[in-house]
Structures are given as C-alpha cells and as structure tokens.
Amino acid sequence: QVQLVESGGGLVQPGGSLRLSCTISGRTFASSVVAWFGQAPGKERAFVAAVTWSGAFVYYADYADSVKGRFTVSSDNRKNTAYLQMNNLKPEDSAVYYCAAREGTLSRDFNSYDYWGQGTQVTVSS
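Owing to the predicted nature of the structure, the values given are computational and were not obtained by experimental measurement.

About the thresholds
Throughout, residues of each chain are indexed from 1 in the direction in which the sequence is written. In view of the model being predicted, local features appear only for residues whose pLDDT reaches at least 70, and side-chain atom pairs are presented and counted only at 80 or more, with totals across whole chains, interfaces and linings using the full set of residues. Neither water nor hydrogens contribute to the side-chain values; these are computed over all heavy atoms in the structure. Only DSSP runs of H or I reaching four residues or more are called helices, and only runs of E reaching two or more are called strands; each is numbered from the N terminus. Based on C-alpha atoms, the radius of gyration is set beside the globule rule, defined as 2.2 Å times the residue count to the power 0.38. When accessible area is computed with a 1.4 Å probe and restricted to protein chains, residues below 20% of their type maximum are described as buried, those above 50% as exposed, and intermediate ones as partly exposed. Note on definitions: a residue-residue contact is assigned when non-hydrogen atoms from the two residues lie within 4.5 Å. Only Phe, Tyr and Trp rings take part, Trp by its six-membered ring, and two of them pair if their centres are within 6.5 Å. Stacked means planes under 30 degrees apart, edge-to-face means over 60, and tilted covers everything else. Think of it this way: DSSP has to see at least two bridges between two strands before they count as a pair. All axes are obtained by fitting lines to C-alpha atoms, using only the stretch in contact for helices, and the reported angles, taken between N-to-C directions, cover 0 to 180 degrees. In this text, buried Ala, Val, Leu, Ile, Met, Phe, Trp, Tyr and Cys residues form a nonpolar core when linked through side-chain atoms within 4.5 Å.

The helix and strand inventory of the chain stands at zero helices and eleven strands. The helix and strand sequence of the chain, counted from the amino end, reads β-β-β-β-β-β-β-β-β-β-β. For the chain, the C-alpha radius of gyration of 14 Å lies close to 14 Å, the compact-globule estimate for 126 residues. Along the three orthogonal principal directions, the C-alpha set of the chain runs to about 45 × 25 × 25 Å. Scored against the burial criterion, the 126 residues of the chain give a buried share of 43%. Considering only residue pairs separated by 6 or more positions, the chain has 56% of its internal contacts joining residues 24 or more positions apart.

Here it is as structure tokens:
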C-alpha cells in the first residue's frame, strides 16, 4: 500500500509564498514520478509540475506554463518527501493541490497517476 500525505497549504496574500510537502510511505519504485495538480472549484484537475523521484540517473522537472519561473519542484529521497515551492502567488493560483505518484516517466495526464494525496487548500487573497 502506497500512501501520500500532503501538508503546507494555507491562506496567503498575493505575492506571498508557500511550500507544499508530500510524504510518501509504502513501497517505492526504481523509477517513479511525483507530480502536483491543482483543482479549482468547478474545474478539472490541472497539471502544475512534476519531478522524477528515484532510480533516475538524471533528474527532470516539468512545469505548466502558468507557473514557470514561480514554482519549483524538488524531492528529498532520504525523507521520502517531495516539495512544491510556490512563490509570487496569484489569486488565480487558488485551488486544492494534490500530489500524485506513478511508476515510469514524467506525465501531465492525471489519469496516468496511480497514487494520490488527500489534497491541501491554497488560497491567495488580500
């Protein structure tokens, strides 16, 4: 059983920062990916960012155009934790953010991810 637990969401003013954490327990894969998706009310989950997790000779990261230059993904395999550093937050970033994991390569398709965190609310408002 693979479980993902998220934390770090909250209420911030525009221009502020948050760091989301995703801790993974259970079995791990030789090659895996951790991704972040955001879901605003009434909308489908949208890809935000992804990073290779383990078993990769070279680490790769992928970002949606809307967050490039503002968000950064990273991982700490010793802590079994992935991070999403969110800087210069905008009101349109407000959403429930989910981390997800899959075996294999980077993907932007939420249907390709097998394991999901419970979600954490990010609200950007003055």
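A word on the packing of aromatic side chains. One pass over the full model with this rule turns up five aromatic pairs. Geometrically, the ring pair formed by F37 and Y113 is edge-to-face, given 5.4 Å between the ring centres and 75° between the ring planes. Here F37, found in strand β4 (residues 32-39), pairs with Y113, found in the loop between β9 (95-103) and β10 (115-116); they are 76 residues apart in sequence, far enough to count as distant. Summarising the burial analysis for this pair, F37 and Y113 share the class buried. Measuring from centroid to centroid gives 5.3 Å for F37 and W116, while their planes differ by 50°, and the two rings are tilted. One end of the pair, F37, is in strand β4; the other, W116, is in strand β10, with 79 residues separating them in the sequence. Residue class for F37 comes out buried when judged on its relative accessible area of 0%. Ring pairing ties together the aromatic residues F37, F47, Y98, Y113 and W116, which thus form one cluster.

Structurally, D114 can be placed in the loop between β9 and β10. In this structure, D114 is in contact with A101, R102 and E103, ignoring residues within four places of it in sequence.

Turning our eyes to something else, we now look at the sheet that holds strand β8 (residues 81-86). With respect to topology, four strands assemble into an open sheet ordered β1-β3-β8-β7, the strand pairing being antiparallel. With one partner strand each, in any of the chains shown, β1 (3-7) and β7 (71-76) form the two edges of the open sheet. Taking each pair of neighbouring strands and ignoring which way they run, the sheet shows an average axis angle of 15°. Here β1 pairs with strand β3 (residues 18-25) via five bridges, running antiparallel. Residue pairing for β3: Q3 is matched across the bridge by S25.

With 36 residues, the main nonpolar core has L4, W36, V48, F71, L84, M86 and Y97 as its most contacted residues. Mapped by element, the contributors of at least two residues to this core are β3, β4, β5 (46-54), β7, β8, β9 and β11 (120-124). Examining the composition of this core, we find that six residues originate from one element, β5, more than from any other. Not counting residues up to four positions away in its chain, the partners in contact with V48 are W36, F37, G38, D62, Y63, A64, V67, F71, L84 and Y97.

Spatial relationships are all this shows, so hold off on functional conclusions.
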